[in-house]
Amino acid sequence: MALIHFDFFSETLRLSSSIKVAFSQRIKQQKGSDHRSPVLYLLHGLSDDHTTWTRRTSIERYAEAYDVTVVMPAVHRSFYRNTHAGHRYYDYVAHELPEICQRYFSISENRDDTFVAGLSMGGYGAFKLALSNPDRYAAAASLSGVLDIAALAGDREERLPDWPSIFGPEAVIQNSEDDLLHLASKLKAENRADIPALYQCCGTEDYLYLANQSFLAHSRSIGLELDYEEGPGAHEWGYWDASIQRVLNWLPLQQLESDLATAANATETK
C-alpha cells in the first residue's frame, strides 16, 4: 500500500495546503503503467483534518483491495463551503483539488470513475458536492452526515459557535444552496439522467439520527433513489471504520488480485 502526504499551495485558498493520498501498489503491476484509477474523495468531519481517516480507521488496508485512489483533503471547520469569512473551501474541493490530483496522480478524469464520501460534516460535504455537480460525481456516500443543516441551526450556539463565520450571522439555510433537502428537490425536478448514486448510513444512537431520518423521508417523498442502512451505533470512529468498508464494497470498484495471485500470474507468464 502507498500513502502519500502531499503539500502544495492552493491558489483558491491562498494557503499552503495538505492532502493524504492512499492507493494500492498492485494497481500499476496489474493494470499497467498508463492506467488511471477511479478516485474517491474522502472528507473529514468538523473537528478533524486530512490525517484523521488514516489515524482512526484502516482505510489504507481496506482500499488496498480495490482499484481506487483515495484522496483526503483538509478544509478545517468550513462545512465545505465558501465561508462568510472569505475562505473558498467549496471552490477548492469542487474545482481546484480535482485539477491538482489529476495533474500529479494517476487518477481518471471521467465522471463514472469519480466518487465522494465523508462522515458527519464530511457527509454533508459529500452530498452537497454530488447534488450540486451531478455531471462530475457518479456516486456519493454519507456516514452519519449533517444532512438537515437547517435543523442544526437551532442548536448552533452550542454545537457550532463559529456558525456566523461559516454561514453568516443572518443566514437563512432553508431552501438555499446550503440546504441538502432543497438541492435534492431541485435535482430531482430537473429530471436528469445523471443523478449520482447515493448511499446513506447512520447509527441509531447517533445525535444526528433524526436529521438523517429527515433527509431520508424527504428523498423518499420526492422519489430520489438512495441506498440507506442503519443499525446500532453512535457518532464515533468504531461505527465509521465499519461503515467505510461497506462504502467501498458499495461503490462500483474493481477488486484487485491478491499478492499471491499476482505473483502466481507473473510466474506463469515467464
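Heads up: these notes are all about the structure in this document.

Analysis parameters
Residues numbered from 1 in each chain as written. Predicted model: local features only at pLDDT ≥ 70, side-chain atom pairs only at ≥ 80, totals over all residues. Heavy atoms only, no water. Helix = DSSP H or I, 4+ residues; strand = E, 2+ residues; numbered from the N terminus. Rg over C-alpha atoms; globule rule 2.2 N^0.38 Å. Buried < 20%, exposed > 50% of the residue type's maximum accessible area, 1.4 Å probe, protein only. Contact = heavy atoms within 4.5 Å. Areas by Shrake-Rupley, 256 points an atom, 1.4 Å probe, with all protein chains shown as cover. Bend = angle between axes of the 7 residues up to and from the residue. Core = buried A, V, L, I, M, F, W, Y, C linked by side-chain atoms within 4.5 Å.

Right, let's talk about the overall build of the protein chain for a bit. Of regular secondary structure, the protein chain possesses twelve helices and eight strands. Against the compact-globule benchmark of 18 Å for 270 residues, the protein chain has a radius of gyration of 19 Å, which places it among compact chains. Counting only C-alpha atoms, the protein chain reaches 70 × 40 × 35 Å along its principal axes. The buried share of the protein chain, reckoned over its 270 residues, is 53%. Long-range contacts, defined here as pairs at least 24 residues apart, represent 74% of the contacts in the protein chain between residues at least 6 apart. Accessible area of the protein chain: about 12,100 Å², with a carbon and sulfur share of 46%.

With that settled, the discussion passes to unusual backbone geometry. Its identity is not glycine, yet Arg 14 carries a phi of approximately 60°, on the positive side. By the secondary structure assignment, Arg 14 is in the loop between β1 (2-10) and β2 (15-23). Looking at Arg 14, the relative accessible area reads 55%, which means it is exposed. Backbone geometry places Asn 191, a non-glycine residue, at a positive phi of 55°. Structurally, Asn 191 is set in the loop between α9 (180-189) and β7 (197-203).

Since the α-helix turns once every 3.6 residues, residues separated by three or four places project in the same direction. When the local axis directions of helix α4 (residues 89-104) are compared, the greatest deviation, roughly 40°, occurs at Glu 96, which is followed within four positions by the proline Pro 98. Restricting attention to buried positions, one finds in α4 the residues Tyr 89, Tyr 90, Asp 91, Tyr 92, Val 93, Ala 94, Glu 96, Leu 97, Pro 98, Ile 100 and Cys 101. For α4, the secondary structure elements touched by its buried residues are β1, β2, β3 (39-43), β4 (69-73) and α5 (121-132).

Judged by nonpolar contacts, the single largest core of 55 residues is most densely connected at Ile 19, Tyr 41, Phe 79, Val 116, Leu 131, Ile 149 and Phe 215. Ranked by the residues each element gives to this core, the list is headed by α4, at eight residues. Apart from the residues within four sequence positions on either side, Tyr 41 is in contact with Val 71, Leu 97, Pro 98, Cys 101, Ile 107, Thr 114, Phe 115, Val 116, Ala 117 and Tyr 137. One finds Ile 59, Tyr 199, Ile 244 and Leu 251 within the second-largest nonpolar core, a separate group that totals 28 residues.

By themselves these figures say nothing about function.
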